[in-house]
Every structure is written in structure tokens, then in C-alpha cells.
Amino acid sequence: MEHTDRKRIGWHEAKLGIKDWNMEEKVMHVMDSPSIHNLVVHADEQMCATQNTGRTPVAKHMDLLGEIISEFIFCEVDRRGGRKRRLNCIQELQLLEVLCDYFSYSGNSSETIRNMVFMSLFPPTHSDRSRLLIKLVSMASSTKNVPVLTATGIWMQQLGCTSKFSLDLAQGLVKDYFVLIPKAVSGLQDLPQLAPHFTANFLTAVAEMYGVVEKRHIFSPPPDTLLEVITQWVSDNPTLCLAALLGNLQLVLPTGGIPVPAITPFAGLFKWCILAPLHYASPSNTSDNATSNHNTLESPFYSRLHLALLESLLECYTPSPVLHHTAASGSENIISAQHLALIAEPINRWRKELHRMEDEAARIRGETALQLALDRFAQVIQVALVTHCVYGNMQELFSQLEALPENRLLRIVINTHRNL
Amino acid sequence: MSGTSVIKTVPPQDLMTELRTFVAGATRPVKTNPLELARTALSILKTLPAARDAVLEYFCTLFDSAVSKYVTQIENDMCLNSGSSASGHEDATIIEIHVVLCNFVSSNPKAWAPIISTWSLELLGELSSHYAGRAHVPLSAGLNETLQLWMSCRATRTLIDITTQCLSCLMHSDTESCINALLDTSVAHSPHFDWVVAHVGSCFPHTVITRVLSCGLKDFSRHGSADHSLKAPKLNSVVGILGHLAGSHFADIRSALLELFQWSLEPDQHEVDGENERSATVPFLLQLASLSPTLLRALTADVLHTLTPSMLPKLAVLAPSWCEYFGGSQALEDLIVHLALGCEQGGTQILKLLLDATSPLDCSDIGAPDSATSAPIKETSREILELLLREVDHLLRSTMPGTCTIPLLCSIKREMTVIQPLLLSGDSLRVQTAVRLIGLLGFHSTAVLVSSAAFLLQRASTNNHLVALVRLVTGGIGISTSGSHFSDFLTMLDTLLMCICALRGYSLFNFSFLYRLEHSGKVPSLRGGLVSRAVRCNLHEISDRLCTISDTCLAHSMAVALDLAVAADKSDVYTVSVQLTLLMAKAAVTYFFLCVSEQDDLGRLRGVRLCCHLLAHLSSHSPPARSLALRELLEGSLFHSHSHLFGAKLPSQIRAPREEIKLLHENHKQSTSVMLAQRHSSVFHAGVIGDGPRKTFPNKAPELDTVMHRIQLLIEVIKACCSAGSETGSEQSPTPVSLDSITAVSLLLVELISPDVMYNGLPWPEEEFCKVTVERDLHIRRLFDDIPLIWHLMSLVAMYRPALCYCSVLLRALIATLLAQWGSAAQRVQHSDRLLATTTQVLELMALGQLLPPPLSSLRDVIPHLQPQEVVQLIRDCVWNYLRDHVPSPALFTRDENGLMWRDATLARPEPQYTNTLRSTMQNNIQCLGTLYSQLFPPTLSGSQSD
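All values reported here derive from a predicted model rather than from experimental measurement.

1. Remarks on the overall build of chain A
Reasoning step 1: The number of helices and strands found in chain A is 22 helices and two strands.
Reasoning step 2: A buried classification covers 44% of the 420 residues belonging to chain A.
Reasoning step 3: Here the analysis covers contacts within chain A between residues at least 6 apart in sequence; of these, 78% occur between residues at least 24 apart.

2. Regarding the overall build of chain B
Reasoning step 1: Within chain B, the secondary structure is distributed over 43 helices and four strands.
Reasoning step 2: Counting every position in chain B, which comprises 947 residues, the buried fraction comes to 42%.
Reasoning step 3: Of the contacts formed within chain B by residues at least 6 apart in sequence, a portion of 74% connects residues at least 24 apart.

3. A closer look at the environment of Leu 307 of chain A
Reasoning step 1: Take Leu 307 of chain A: it is sitting in helix α17 (residues 300–317).
Reasoning step 2: Considering only alpha carbons, one finds Leu 307 of chain A and Thr 231 of chain A, 76 residues apart in sequence, at a separation of 9.3 Å.

4. Things to note about the nonpolar core
Proteins that are soluble and globular tend to have nonpolar side chains buried together.
Reasoning step 1: Core analysis: the largest hydrophobic core is formed by 247 residues, its most contacted members being Leu 305 and Leu 309 of chain A together with Val 212 and Leu 242 of chain B.
Reasoning step 2: Ignoring anything within four residues of it in the chain, the contact list for Leu 242 of chain B reads Ile 209, Val 212, Ile 253, Ser 292 and Leu 295 of chain B.

5. Quick notes on helix α20 (residues 360–386) of chain A
Reasoning step 1: Its 27 residues give α20 of chain A an end-to-end C-alpha distance of 39 Å, which sits within 8% of 39 Å, the value for a rise of 1.5 Å per residue.
Reasoning step 2: Downstream of α20 of chain A by a residue or two, His 388 of chain A has a phi angle that is positive, lying close to 55°.

6. Examining unusual backbone geometry
Negative phi values dominate among residues other than glycine, just as trans dominates among peptide bonds.
Reasoning step 1: Even without a glycine there, the phi angle at Lys 144 of chain A is positive, about 55°.
Reasoning step 2: In this structure, Lys 144 of chain A sits in the loop between α7 (130–143) and α8 (146–159).
Reasoning step 3: Residue classification places Lys 144 of chain A among the buried residues on the basis of 23 C-beta atoms within 10 Å.
Reasoning step 4: Positive phi is not limited to glycine here, since Gln 850 of chain B has a value of about 60°.

7. Re the environment of Trp 119 of chain B
Reasoning step 1: Relative to the assigned elements, Trp 119 of chain B resides in helix α5 (residues 109–130).
Reasoning step 2: Through-space distance from the C-alpha of Trp 119 of chain B to that of Thr 163 of chain B is 8.9 Å; in sequence the pair is 44 residues apart.

8. A closer look at the interface of chain B and chain A
Reasoning step 1: The partner chain A presents 33 residues to the 26 residues of chain B that form the contact.
Reasoning step 2: Elements supplying a minimum of two residues to the side of chain B that touches chain A: α1 (10–27), α2 (34–47), α3 (52–80) and α5 of chain B.
Reasoning step 3: The element contributing the most residues to the side of chain B that touches chain A is α1 of chain B, with seven residues.
Reasoning step 4: Partitioned by chemical class, the residues of the side of chain B that touches chain A number 16 nonpolar, six polar and four charged.

9. Points about the confidence of the model for chain A
Residues and elements named next belong to chain A.
Reasoning step 1: Put simply, chain A has an average pLDDT of 72, and 69% of its residues get 70 or more.
Reasoning step 2: Here residues 1–31 is a poorly scored stretch, pLDDT under 50, and it has 25 contacts once near neighbours within four places are set aside; other chains count.
Reasoning step 3: Ignoring residues within four places in sequence, the model shows residues 320–330, a span with pLDDT below 50, making nine contacts including any to other chains.

10. As for the confidence of the model for chain B
All names here are of chain B.
Reasoning step 1: Of all residues in chain B, 71% have pLDDT values of 70 or greater, and the mean over the chain is 72.
Reasoning step 2: Scored below 50 in pLDDT, residues 82–86 shows four contacts in the model against residues more than four places distant or in partner chains.
Reasoning step 3: In the model output, the complex is listed with pTM 0.54 alongside ipTM 0.75.

11. Examining the packing of helix α9 (residues 164–180) of chain A against helix α11 (residues 196–211) of chain A
All names here are of chain A.
Reasoning step 1: Between α9 and α11, the least distance of the axes is 9 Å, while the angle of their chain directions is 90°. Our classification of the angle between α9 and α11 gives roughly perpendicular. On the side of α9, the interface is formed by Ser 166, Leu 167, Leu 169, Ala 170, Gln 171, Leu 173 and Val 174, while α11 contributes Phe 202, Ala 205, Val 206, Glu 208 and Met 209.
Reasoning step 2: Tallied by class, residues from the contact of α9 with α11 come to nine nonpolar, two polar and one charged.

12. Quick look at the packing of helix α36 (residues 788–799) of chain B against helix α38 (residues 833–848) of chain B
The description of two helices packed together rests on the angle between their axes and the distance between the axes.
All names here are of chain B.
Reasoning step 1: Relative orientation of the contacting elements α36 and α38 amounts to 20°, with a least axis distance of 8 Å. By the criterion of interaxial angle, the relationship of α36 to α38 is roughly parallel. Where α36 approaches α38, its residues Trp 791, Met 794, Ser 795, Ala 798 and Met 799 are matched on the opposing element by Gln 841, Leu 845 and Leu 848.
Reasoning step 2: Considered class by class, the residues forming the contact of α36 with α38 number six nonpolar, two polar and no charged.

13. Regarding α9 of chain A
Residue and element names in this part refer to chain A.
Reasoning step 1: Most pronounced at Val 174, the bend in α9 amounts to some 30°.
Reasoning step 2: The complete set of buried residues in α9 reads Phe 165, Ser 166, Leu 169, Ala 170, Leu 173, Val 174, Asp 176, Tyr 177 and Phe 178.
Reasoning step 3: Contacts made by the buried residues of α9 are with α7, α8, α11 and α12 (224–236).

14. Describing the environment of Asn 144 of chain B
Reasoning step 1: Within the element layout of this structure, Asn 144 of chain B appears in helix α6 (residues 143–151).
Reasoning step 2: For the pair Asn 144 of chain B and Trp 195 of chain B, spaced 51 residues apart in sequence, the C-alpha to C-alpha distance is 7.6 Å.

About the criteria used
Residues numbered from 1 in each chain as written. Chains lettered and ligands numbered in written order. Predicted model: local features only at pLDDT ≥ 70, side-chain atom pairs only at ≥ 80, totals over all residues. Helix = DSSP H or I, 4+ residues; strand = E, 2+ residues; numbered from the N terminus. Buried ≥ 20, exposed ≤ 12 C-beta atoms within 10 Å, placed from the backbone. Contact = placed C-beta atoms within 7 Å. Core = buried A, V, L, I, M, F, W, Y, C linked by C-beta atoms within 7 Å. Expected span 1.5 Å × (residues − 1). Nonpolar A, V, L, I, M, F, W, Y, C, P; charged D, E, K, R; others polar. pLDDT = per-residue confidence, 0-100. Axes fitted to C-alpha atoms, helices over the stretch in contact; angles between N-to-C directions. Parallel < 35°, antiparallel > 145°, perpendicular 65-115°, else oblique. Bend = angle between axes of the 7 residues up to and from the residue.

Now the structure itself:
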């Protein structure tokens, strides 16, 4: 048995020409799994490093790397490629521990290599590993493992913050911290300082996650704790939402990596703030949960979040000495006009629903909520346009705005900016 | 990315340390304090969400070791009987874990409950299958034992508690996933896991039952049709769980089953999945029922009631697809039959359904025009019915009587009132089925057979019914051919007749019909003499009943039965006890009086003839019966309430007019009467003072014709009683009357009519002696006047000579009174016709009885033409003196060659001293008695005499 294993590893070595393998493979099978993990992760790092040192990555190498990861790190397959019994949870925990340790203590290797290792560990092709990824990130969040979080932030952006992977990740984190153990949230307070890039991407994903809902409802409200934490993050760190735009991804990506443009959480979070009043005055909502007061009142955090977001926008416009160059370069693609225009559609839909309502009191309440929503929308448009944060098809946006119900502020905003 | 150089704060380090401690502790069996480790795990669980799964997994090992310890301890305890040692730290750990997990669940049920419940269910499943068969609870142990074992273990109890808490949180929102998880685990660890489901089920009965059923159904529809040999894996679990729940939540199960069944019959709403399940529902239910008697009971309780013949076409459409689940229609039918046999209730329902389906009474039920669908239904249901009955038959025959219990039969037995009317149905199938069924039931308890036979006997109105009865009765014997049952059967018939006697006449009519049927010998099954034996056993009851009955119709039937019973005894030695015979005689007499008073001529005649036959038979066999019958007849017809039937004059009733009497008015009257004391009030009125004289209400005398007719009938009956009792005598020619009995009649008459016991002898005293007996004579005479029947009886007696001799005292009294009357009539100008008629009657009677020989026998013809003085003379000389000198005794009579008693007129010619008066009187009145005179006293003879 051992002999064949050695041969196999020897084969790896021959192919790759990595010296370290010699040493490692000898102990590979006499060690317990955490040590193996440790070794293999380091080996991977070295492989990634070799790839990154100018040699063009060969597809074969990548395959081999994938195989090694699959067999020795995640133990998904046995050495013949067949399915293997999954790691039990404690072993998984051990693996996570090893991974965390690896990322936090591999100070000598560059960020690029770390990112490369991370991406090869969790490639989009292995969707089944996302469970582990969620756990890893969750663990990193609680243990404040910055390297992991940073790598995750880049991973999210590269895969797209609104992609399924990112949404799954965001979902997992939200479940861990905001649903299951709300007490653990306190550990997340300083997340924006520790890993702003990750936090920004996480926000984008979360905003997307709760913003996109099924047809019947306008909006699915996030858990209160999540809202609270986000509000605090945004108000405490005005630049948080812009974090994804800051910094050059190209520098930290492996060679040949093409940075994916970041999407700021602004549009998504604005959508929350604008639609929230409608949701809480929604006829379907009131009829469903008329009994529980909890659901019929809009959380005060929405308006605070709204304010914080607007302030963030203004912040990035203010030509501060530190941020001047970034703001200038990034101000154009902070908010997509398309995203903003999407907010108009649920409002119109909701309004139709309101007209169908029979209860007079509820309709009046709905009308008030609608005006509030439109006010907020108008404020967003105003600030965004003034700060030149909007990019994309303005005509489309304005035509959508025109179609909205009548609101004085909105009218003023439209009239003001149409003429420009 | 400048934030990488952030200094790591302390808490994360702590967290990592804790994590490392935990991982180290959990992976290596290092010597760590388990409690400490558990605490670490719990704190990690609270602070490090990522470690959740691992911590839970670690808890698994904790629970596992706790259970293992528990099980080992039980095993050791069993072996060594040593005291238990508390496993303190583990308990503490478990309690802590419990608290924490419960807190999680209660703080956010929606998020935590699925996680925790899945975890605990899986753990429970693993534990229970891992330790199955340990701790002295065998693998085959029942649910309750397992339940007890596990509920007494703290670890598993805690887990169950956690599970139920989770489920109770989820029950309102997410039942489907909960129960699915439950059942999935149950399937994975079946059957060791059933106790969990059962326990959880008892916490949420309705949900669990419904869901368990639907999951089972889904599974069944998936597996059932694919392979017949392999049962659906979940089926046994479902049965086990439901069986456990049935104890406390039977109603829930019932309603759930009913809902499921009704759902399966709803029209499909274009669901692809649902269709398959719908069609599998009924097979599923059947399969369930076949696996568990409890569920069968639940099914029969409700589902059966909803099943009506009108639903059958719907079911028939589905039936072909059901067959797949059982491997052919044959197997399905067998299953159905066996299930039906196991029904503890609703047996009649099943039967009715099958019958209704086989031959619908109401064609609209099944839709007669649509014969294409109804024909197979009929055929199938008939087949099932037949199979059912045959199976019962087989079961009964193959076991010892009394040992085999078929629930279906018991259920039917309890509802006999439903089955019995089927016997009267016009539909032959129903009747046959009922007969067979009752026959089968009778195998167990004859009481059923008896009551059914009684039922049928009472209500049978057509011959078909009686045929059914015969089949029922003989069929019952057919099953129990052995001798031991024969006595059973006899007692059965006894009871049967007892019932009958107490009930309506219809039954007896039927019964007599049956009897005749048996008598005719045409029905082979009745050759055993069943019916007659039955009647004979119940003669006493019948007679008793007949004595008191007032319904003529019933009486007729009873009498027929009685008559048949008695007459059928030709072959047998007459062994009936005297008491019974007497009773029968009395009954016959009662019956006779009943008949006589009947309005319908034909019925009356028939009844009397029956009476005659019966009495003749009885009295010819039993002298006591004869004398009793005679006495009863005479007494009844002469003196008792029946006497008016025969023309007796009843004392006229005097009734005081009934008026409102007011005290005030009375007082007024009083005052006037006082004032007029000397006048009206002193006048005597034969009445109540103030009401005037009493009024008499004449009795309505019956018509003479009727009376005569009745008397005729009575005479016939008496004659029948007196018949000599020759066995050869048929009904057409009346049997000769025995003289002894006629003598008895005459003696009876004397006894009844004469008020004295003394001086009733045959001799006639001197006329002077009449003065002593005048009171008695008048009494007798009065009776003769009031009760004309006596005359007829006397003439009957007179006809059978010499019986009249014994009545000489009566004749004496009559003559004595007549003498006196004629004497007083001589004082008057005109004598009454009545007197003359009576005299004529007496004389005629005596002539008939040959007490007066010719020519004295012709006195009656002479008297009407004579004067009272002459009549007095004649009676005194020719009658009184002759009889005084010639004592009317049987010795005067001789028996001739025909056996008849006779008084030879030539030898007994009266001396002239007795005839001279007659002769001279006739000569005095020769103008009207010439012809008679020449006949009575022929010239030659008179010439020689006058010489």
C-alpha cells in the first residue's frame, strides 16, 4: 500500500519537479490527518508559487493540483479516484483549523499566492466545497482571521458578488451569526476595519440576497440584528461601501487573473431603505401578520441606514486629501443607473396593489408609506446625481422615475436633473 | 489592502485556544476532564458558529458513551444484581447540553429547530439501532419494551425531549419536513427507531398520524407495484408506529384513515404524482389492515361506514390497478376475504354491501342501464361473498366446535337484528346468504339459530319463507350431525316453541303448516320428525296457552298444532303424562267454547270438528281426560259464562239509574218529603228512594237458530268425548259412543242439576214423599226452565239407553212439579201452553229413554187434548205409579247382538193398572184421539184385554 502511494507521489514529484515532495511524502502516511492537511496546504502553496513565477500555468498542473487538494485536503476521493467517506465534522473542524492557521501564519508568502491557493481550494467548479468555505469564513470571522477574510473578499469579487457562490456564502454567514447565534454578532463589530474589502462584498451579496424576492412580496426584510449591524458598519465606516473599489486587485491576483469590477452595496442597500416602508405597510403583509405588531412597524434602522448611506455617498464626493485620487477615479462607477432604475419597478407594482385595497385606513397608511418611499428614492437620486456616483443609462433611469407615482420631492429632483 | 497588519485581539486567541482544546479533546482520547471538554464544546457552540457541526458530532459521542454505560450497567445489574452506580459527570454534561440546546431552540425555533431535531433524530436512530438487542431487550421485543428501556435512560430521554421540543416549535410551520426527517430516520434504523416515532407521535398525534400515513403511502406507491415479493420498507414501520399510537389516539387514527380513503376517491386534479398515490391508497390501506388488527379495526370503524353501493362503480374503475399491488385479482380477493373475516365490527355492513352490490334492491343505486359496469361488480361481489362464506365454513369445520373464533362472525352475531330481516327478503340470494350465515353462526351457539328460526317462524308469510325456515333448521342439524348436538337442537326447538307460544298466532299458523308439511312426507329434510318432536316437547306450553287465549285465530292454529301432535302419536305408545293429558283436555274444551262463540260459520265448524277429533282422541286414550272434558263441557255450557251461548236465561240485571246526585238537591227533596210525610213518601217502591222503581234490562237472547246450532255442536263434542275410542275410526264415520261415558254424562247431569246429594237414587218414592222433596224438585224444575240446554242433554242421554235411568231423580222432580202444576191448573179455566210443552218434553224424553214403554210412551201425544184434571190423573197413574213400581234401572235393559242396550217392548208391557187410566181418558176424548187410540190399543188386543 504504502509503496504504491509513494510511487504515486513520486509521480507527482516527477511531473512537477518539486523538491519538497520528497520529504513530505515519506511522512504523509504515517501522520494524522491535520498534519497531512498542513503539509499539503503548504505544498499547494508552493505549487501555486511555482506557477506564479513566470512560468505559464499548464492546464495539467492545475488538474494535478485539483486532484491533490481533492484527495489529501478535502478527502473527497480516495487514491483510486473513487468516492470516499466524507470527513466527519470534527475532522472538518480540524481541517478548518489547519487552513486558518496556514493562512494566518504564512507571512512569508505573498498575498498573491495566498489568493491563488484559496482559489484553487475553492474553485467555482467544486460547489460542494462551499459548505466548508462557509464554515471557514465563519470561523475566520469569529477568530478575526484577516488573511482568510481578505482572500474571501477577493474570491467573492472574482466570482461575482451577486453570483450563487457569493450568495450562498453570505447566506451561510448570515445564518451563523444573525440567525442562529445572535450573540456572536458582537465579534463582528470590527469586521469593517479588519477586512473592509470582504465586508463590502459581503454587504453587496447580502443586499442582493434580501432584495431579490419572489413576486408576491415587495421585499423580504433582513433579520433585525443584521440590519442593525449593517447600519452600524455603514455609519461608523463611511468608506466601507466603497472599499471594494479601493485597491488594485490586479496586484493580488495570480498572473493572468482578470479583476472583475466591483459592485458597491449602495444600490442594494438603498433598495432596502426605499422598499422597507412599503413592505411594512403592504396589504399582503398586514393581512398575513396583522396580529403581530412586530412586523407592521418599520424598524428605525432603515432610516438610519438610509442616512448613513447618503452620508457615505457624500463622503466619497468630498475631496478629502486621503481619498481624493480614489474618489475621482471611482466616483463614476459607484452606482449603476440600471440598479437604481430597478427599484422603481416594485414601487409601481406595489402601488397597483394599493389601489386594489378596500380597507380605507390601510390605504391611507399605504399612501403615507408610499410617499416616504418616494421621498427616500428622490433623496437617493439627488445625492447620487449630485455626487456623480451614477453611471450608465441615465435616460432609462429618468423614464423609470417619470413613471413613478407623484411626489413633490421626486418631481423637483427630476426636473432639476433633467435640465442638466 | 492595508488592513492586514491589524493586531490580533485577545478574545480570538482565546477562541482559538478553546477550539484547539476542543479539537484535541475530541479527536484524541487524551485524559481531559469530559465535563470540562463538554463545557468548552458548549462555549464554542455559543461563540463559534462554524464549529456547530463538530460540536454536535462530539455530543453524539458523549451521548453514545452515556448510553453505552447505561446499557452495560443494566446488563451487569441483571447478571450480578449489584447496586447501580451513578454516572455523575455524564449526567451533568447531558443536562448542561440539554439546557443549552433548548435555549437555542426556544430563542430562535425557526432556525435552530431543524438543525437540532435532525441531529437528535439521527443520533437517536444510531443509538437505538446500535444498542438494539442489548440490555436484555431482545431484537424482537415489542415497541413498549423498547420504549421503556430508552425512556429510562437519561441520555435518550434528553434527546427525545429535545426532539419533541424542536418538533413542537416546528409543528405549526413545517410539518412536512419534520415528519419526513422522522420517517427517513425511521426507515434507516427500522425497526429499532420506531419507539422514537411512537413517542413523538403521542406528542403530536394528529400531525404524526397523518404524515406517517402519507409517507407510508408514498413509499408504498413507489415500491408496492414494482415488486410483489418485496414489501415497501416503510410499511412495517408505519404499522408499528400506528399500532403504538392506536392505544391512546385511536380516534385520530380513525379519522386519518377515513380522510385518506376519502381523498383517494376524490377525482384527480391533474396531478401526476397524486394519481399514482391515489390509486395506491386502497391497496395501502388493505395492506395496513392485513398487517395490524388494530388498524383493521380502525378501518372498519369508519371507512366501512362510508362505503355504499353507489361508490362501487367508482371503485371498480380503480380496482384493476389495485390488483397489481397484490399480484393478481385472486390474491386481492383472498386478502379482502381474510380482512373481512378479521373484522370485529361492521360485519353486517360488509355483508349488506356485498349483497347490495350483488343483487341491488334498488336499481338506481348501481345504475342498471349501465350494465357494462354493473355486471362485473355484481360478479365480483358475488364471488367475494361466496368465498367469504366458504372460508367461514371451512374454518368452522376444520376446528373443534367452540374453539374457533372468527371476529366477523362475532360481529355479525352482535347485529342479528340486521341479518334476520334478510330471511324475509324477497331476494333469494339474500335469503340463502342469511340462512347459510345463521347456520354457520348456529354452529357456535344454537341460541342464534333458535332466535332466527323463531323470528322467521313468527314473520313468515309466504311459502318461500317457510322453505327458508326448513332449510335453516335442517341446515343447522346438517352441520352438527354428531349426536351431542342433537340434544342441543332439541332444546333449541323447545326454546323456539316457547318463544312462539308467547308470541303471535302467525307463527303457530306457520308452524302448523310446517307440521303438515312434515306429515305429508314430501319434504325429505323433515322426515326426521323434527317438527312433531318439537311440538311434543312443548305440548304443555301450548295447552297452557290455549286455556287462556282469547284470540280465535291463534287458538285455531294452536289447536291445529295440538291436534296434529296428538294425532301423530299413532305409532308411538301414548306416553304423555296424565297431567298433560288433562291439561290438553281442558285446553280443548276451552277452545271449543271459543269456537262456539265465533261468528264465522266455517271457522266454527272447522274448530268444532277439530275439537271433536282432539277430544275423541284424548278421551279414548285417557279416562281421566274424558271425565274432565265432560265435566268441563257440561259445567261450562250449563252454568258458567258460556251458558248464555246455549240459550240459558240469565237473571235479568237490575241497574240503578246512574245520575248526578247533588247534595243540595237531595236536601231539598228531603225537606219536601218530610213535609209530605204522610203521602207519597210512605209508598213503597222497589227501588232506590228518589229514583223511582228499578228498571230491568232484558237480556238479549241469542237467536234461536244459533242457539240450536250451538247446542248441536255441543252435543257433537260430547259425543266425541264419549266415543269408544276405536283406533280405526276415521273422521267420516263417527266412532260408536261408549255407554259408560254416556252414563257418566247422565251422572254428571244429576250431580250438576240436583242440589242435593241425598235421594238421588233411581227409585221413585210414593207420591206423598214429594212433599219432602218439593224444594229440590222446584229447583231442578227451575233449572230445566231456565236452561233449555238441559233438555237437549237429557235427550242425548236418553238416546243412549239405559243412561237415562241415572237421571231418574231429575225426571222425578220434573214430574212432581208438573203434577203439582197441573193440579193447580185444574182450578183455573185455562192452563198455560208452557206447562203443556214442558210436560210433553218430559214425557217425550222418558219415551225416548224407554223408561215408559208403549203405550205409555205415547202419552205426550195424548196430553194436549186433555183437561188438566185428566192430565193430573194420567201422570199420576201412568207415569208416577208406573215408575214407582218399575224402578228405572239399567237392569231392565238387555244388550242385543249389535251391542245396543234395549228394552224389549213386548216383554215390558205395562200392566193394565197403569194403562187403564190412559185408555179411559182416551175413550173419553175419543173424538180427537181416535187414531191414536187405535194405534195404542189395537182392537184385538184391547178385545182380549177387555175380556
